[in-house]
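The lines below spell out each chain.
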Amino acid sequence: MNIRTRLVAGSLSGLAVLAGAVAATSPAQAADAAHGARVARVAAAEPVVQTGTLSADAALKIADAALKEAVKQKQRVTVVIVDRSGATRLVLKGDGAGPQTEESARRKAFTAVSFGRTTSELGKGINGGGPSIADIPGTLFLGGGVPVASAGTPVAGIGVGGAPSGDIDESIAQAGLKAVAGQLR
């Protein structure tokens, strides 16, 4: 018997044993086993994972709404939107925004998408008593970073920098998110 024949015979024997084992279980156990086999097969067969990406149109809507809110609140800010990997998708620097506002907005957006929570919420957990998530390069735990989620998964981050307090920056970022909230799946 050659190697190919032995492999086929061995595979068929394995399938027969598996079929017998599935037949001997309850319908619920069989369904769970079948689902597990499908998941394993898909995971093994799919070398590329699809992830959601915020469209350029949505990013523009967010930034426009945020900047309009900043003007309404008489704030000079920069709005930055990053994708799931932290790459910058959009920078919109408002009139009169300071030079530091772009970097702070970028780091807030990166932090929000990285952890899937607002930077103000994350900042509450920083106590300064040793190493913490605040030590991760590129992060900033001041208010003003808001994640954008689709189906419960972060797909982008909005960062606003330049207002005299993080809660104002965050309210501006939230106004931007509100502009597309009904369109996120």
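Here is a short report on the structure shown in this document. Values in this document were obtained by computation on a predicted structure and should not be read as measured data. (Residues numbered from 1 in each chain as written. Predicted model: local features only at pLDDT ≥ 70, side-chain atom pairs only at ≥ 80, totals over all residues. Heavy atoms only, no water.)

Focus: the pattern of salt bridges
Thought 1: Under the defined criterion, the tally for this structure stands at seven salt bridges.
Thought 2: A salt bridge links Arg117 to Glu121; the shortest N-O distance between them is 3.2 Å.
Thought 3: The exposure class assigned to Arg117 is partly exposed, which follows from its relative accessible area of 36%.
Thought 4: Residues participating in the shared-partner salt-bridge network are Glu102, Glu103 and Arg106. (Salt bridge = Lys/Arg side-chain N within 4 Å of Asp/Glu carboxyl O. Buried < 20%, exposed > 50% of the residue type's maximum accessible area, 1.4 Å probe, protein only.)

Regarding the nonpolar core
Thought 1: Counting 23 residues, the largest nonpolar core has Leu54, Ile62, Val77, Ile81, Val148, Ile158 and Val160 as the members making the most contacts within it.
Thought 2: Looking at this core, the elements with two or more residues in it are α3 (56–72), β1 (78–83), β3 (145–150), β4 (153–161) and α6 (166–178).
Thought 3: When residues in this core are grouped by element, the largest group, seven residues, is from α3.
Thought 4: In terms of nonpolar packing, the next biggest core, distinct from the first, is built from five residues, Val80, Val82, Ala105 and Val113 among them. (Core = buried A, V, L, I, M, F, W, Y, C linked by side-chain atoms within 4.5 Å. Helix = DSSP H or I, 4+ residues; strand = E, 2+ residues; numbered from the N terminus.)

As for the side chain of Thr101
Thought 1: Tracing the backbone shows Thr101 in helix α4 (residues 101–115).
Thought 2: Contacts of Thr101, omitting those with residues within four sequence positions, involve Arg76, Thr78, Lys93, Gly161 and Gly162. (Contact = heavy atoms within 4.5 Å.)

Notes on the sheet that holds β1
Thought 1: If you walk across this open sheet you meet the four strands as β2-β1-β4-β3, and the pairing is antiparallel. Each edge of the open sheet carries a strand with a single partner, namely β2 (88–93) and β3. On average, each strand axis in the sheet is tilted by 15° relative to the strand beside it, whichever way the strands run.
Thought 2: In this structure, β1 lies alongside β2, joined through five bridges in antiparallel fashion. Pairing of Val79 across the sheet is with Leu92, part of β2.
Thought 3: Helix-sheet contacts for α3 involve β1, β2, β3 and β4, and the interaxial angle to β2 is about 25°. (Pairing = 2+ DSSP bridges. Axes fitted to C-alpha atoms, helices over the stretch in contact; angles between N-to-C directions.)

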